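Tertiary structure, described
Residue-level listing of the chains:
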Amino acid sequence: DADVVVLAVKPGDLLAVTTATGTGLAQHAMVVSVAAGISAASIESVLPPHTPVVRVMPNTPMLVGQGMSALAPGGAAGPEHLDRAEALMASVGRVVRVPEAQIDVVTAVSGSGPAYLFLVVEAMIDAGVLLGLPRPLATELATQTALGAATMLRETGEHPALLREAVTSPGGTTAAALRELENGGLRAAFYDALEACRDRAQDLARS
């Protein structure tokens, strides 16, 4: 009798689970999928005809009420279904609506994005320890810095380049550090990483 059924399993298991679940759906039910790479059309193909499907790409900060979710409708989903899915995801963070063609890129930017930022913070902590700080202190410094920087981005609305320039005095310490990051290919590495993430999502859909 559920109004909403959420499919939250690994992509490789999704269609088998959906096939089994579909036989028990109420006629008025809508299906929300949070699996990467599996298209709404593929999900619809194993559900009763005209079952509304909404794809959602969330991320793990939803566990602390700071998630970023993107919604994309399937063929049978109307505005009322998107409204219901948005209300569901808004309870754990921010929500945007996108065409399904953009969901794989959303996966690369925000779906997997927390892992990239955790890696950056981890590297900052390890560098702080290498340079002589106690690990708890390095962790506190790096974690609060990441939180403060993200809050500035959200609350000021400024482009990140402008905020970065505001910290970077000519010939100063930050400029020296940024030069090394650029020389190390940080920007290109992020381009390649997000492209690889998007491509992997597309591979999941094809397989």
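Above this text is the structure in question.
For the structure given in this document, a descriptive report is provided here. (Residues numbered from 1 in each chain as written. Predicted model: local features only at pLDDT ≥ 70, side-chain atom pairs only at ≥ 80, totals over all residues. Heavy atoms only, no water.)

**Concerning the packing of aromatic side chains**
Applicable threshold: Each aromatic pair joins two rings of Phe, Tyr and Trp (for Trp, the six-membered one) with centres within 6.5 Å, and gets the label stacked for planes under 30 degrees apart, edge-to-face for over 60, and tilted for any other angle. Here a strand is any run of E in DSSP of at least two residues, a helix any run of H or I of at least four, and the numbering for each starts at the N terminus. Burial classification: accessible surface area is computed with a 1.4 Å probe over protein chains only, and a residue below 20% of its type maximum counts as buried, one above 50% as exposed, and the rest as partly exposed.
On inspection of all chains with the given rule, the structure shows one aromatic pair. Taking the centre distance of 6.3 Å and the plane angle of 75° together, the rings of tyrosine 116 and phenylalanine 190 count as edge-to-face. With a gap of 74 residues between them, tyrosine 116 in helix H5 (residues 113–130) and phenylalanine 190 in helix H9 (residues 186–206) connect regions that are remote in the sequence. For tyrosine 116, a relative accessible area of 18% translates into the label buried. For phenylalanine 190, a relative accessible area of 29% corresponds to the partly exposed category.

**Some words on the pattern of salt bridges**
What counts here: Here a salt bridge means any side-chain nitrogen of Lys or Arg lying within 4 Å of a carboxyl oxygen belonging to Asp or Glu.
Counted under the stated rule, the structure contains nine salt bridges. Aspartate 83 serves as the salt-bridge partner of arginine 97, at 2.5 Å between the closest nitrogen and oxygen. Pair noted here: arginine 97 is in strand S5 (residues 93–97) and aspartate 83 is in helix H3 (residues 79–90), with a separation of 14 residues, a long-range link. Residue classification places arginine 97 among the partly exposed positions, given a relative accessible area of 41%. Notably, a salt bridge pairs aspartate 203 with arginine 206, separated by 2.5 Å at the nearest N-O pair. Taken together, the positions of aspartate 203 and arginine 206, both in helix H9 and three residues apart, correspond to about one turn of that helix. What makes aspartate 203 partly exposed here is its relative accessible area of 32%. Note on arginine 206: relative accessible area 62%, which makes it exposed.

**A word on the pairing of strand S2 (residues 30–33)**
Put simply, the rule reads: When the strands point away from the viewer, a crossover counts as right-handed if the route from the first strand across the helix to the second turns clockwise. Paired strands, in this sense, are two strands between which DSSP finds at least two bridges.
What you see with S2 is no split at all: Met30 and Val32 on one side and Val31 and Ser33 on the other are buried throughout. For the segment spanning strand S1 (residues 4–7), helix H1 (residues 11–22) and S2, crossover handedness is right-handed. Across three bridges, S2 lies against strand S3 (residues 53–57) in parallel orientation. Its bridge partner lying in S3, valine 32 is registered against valine 54.

**Some thoughts on the sheet that holds S2**
Note the cut-off: Between N-to-C directions, angles span 0 to 180 degrees; the directions come from axes that are lines fitted to C-alpha atoms, helices contributing only their stretch in contact. What makes two residues a contact is simply this: any of their non-hydrogen atoms within 4.5 Å.
Ordered by their spatial adjacency, five strands build an open sheet running S1-S2-S3-S4-S5, and the pairing between neighbours is mixed. Strand pairing shows two members of the sheet lacking a second neighbour, S1 and S5, which therefore form its edges. Mean inter-strand twist for the sheet, computed between neighbouring axes without regard to direction, equals 25°. In this structure, strand S4 (residues 67–73) lies alongside S5, joined through five bridges in parallel fashion. The residue bridging serine 69 from the neighbouring strand is valine 95, located in S5. The sheet strands contacting helix H4 (residues 103–111) are S3 and S4, and the helix crosses S3 at an angle near 30°.

**So, the layout of surface pockets**
Using the following cut-off: Think of a 1 Å grid over the protein atoms and nothing else: a 1.4 Å probe that fits but is trapped marks a cavity, an open set flanked by protein within 12 Å on at least five of seven lines marks a pocket, and residues with an atom within 4 Å of a point count as lining. Grid points are joined across faces, edges and corners, and a volume is the space filled by probe spheres set on the points. Residues are sorted three ways: Asp, Glu, Lys and Arg are charged, Ala, Val, Leu, Ile, Met, Phe, Trp, Tyr, Cys and Pro are nonpolar, and all the rest, Gly among them, are polar.
If you add up the space inside the second largest pocket, you get close to 280 Å³. Forming the walls of the second largest pocket are Ala8, Val9, Lys10, Pro11, Val34, Ala35, Ala36, Met57, Pro58, Thr107, Gly111 and Ser112. Taken together, the residues of the lining of the second largest pocket sort by class into eight nonpolar, three polar and one charged.

**Regarding the packing of H4 against H9**
As a reminder of what qualifies: An angle counts as roughly parallel when it lies under 35 degrees, as roughly antiparallel when it exceeds 145, as roughly perpendicular when it falls between 65 and 115, and as oblique in every other case. Two helices that cross are described as forming a left-handed crossing if the nearer one is turned anticlockwise from the farther one by less than a right angle, and a right-handed crossing if clockwise.
Relative to each other, H4 and H9 sit at 135°, their axes nearing to 8 Å. One way to sum up the angle between H4 and H9 is to call them oblique. Classified by chirality, the crossing of H9 by H4 is right-handed. Taken together, the residues of H9 that come into contact with H4 (itself represented by Asp104, Val105, Thr107, Ala108 and Val109) are Leu194, Cys197, Arg198, Ala201 and Gln202. By residue class, the composition of the contact of H4 with H9 is six nonpolar, two polar and two charged.

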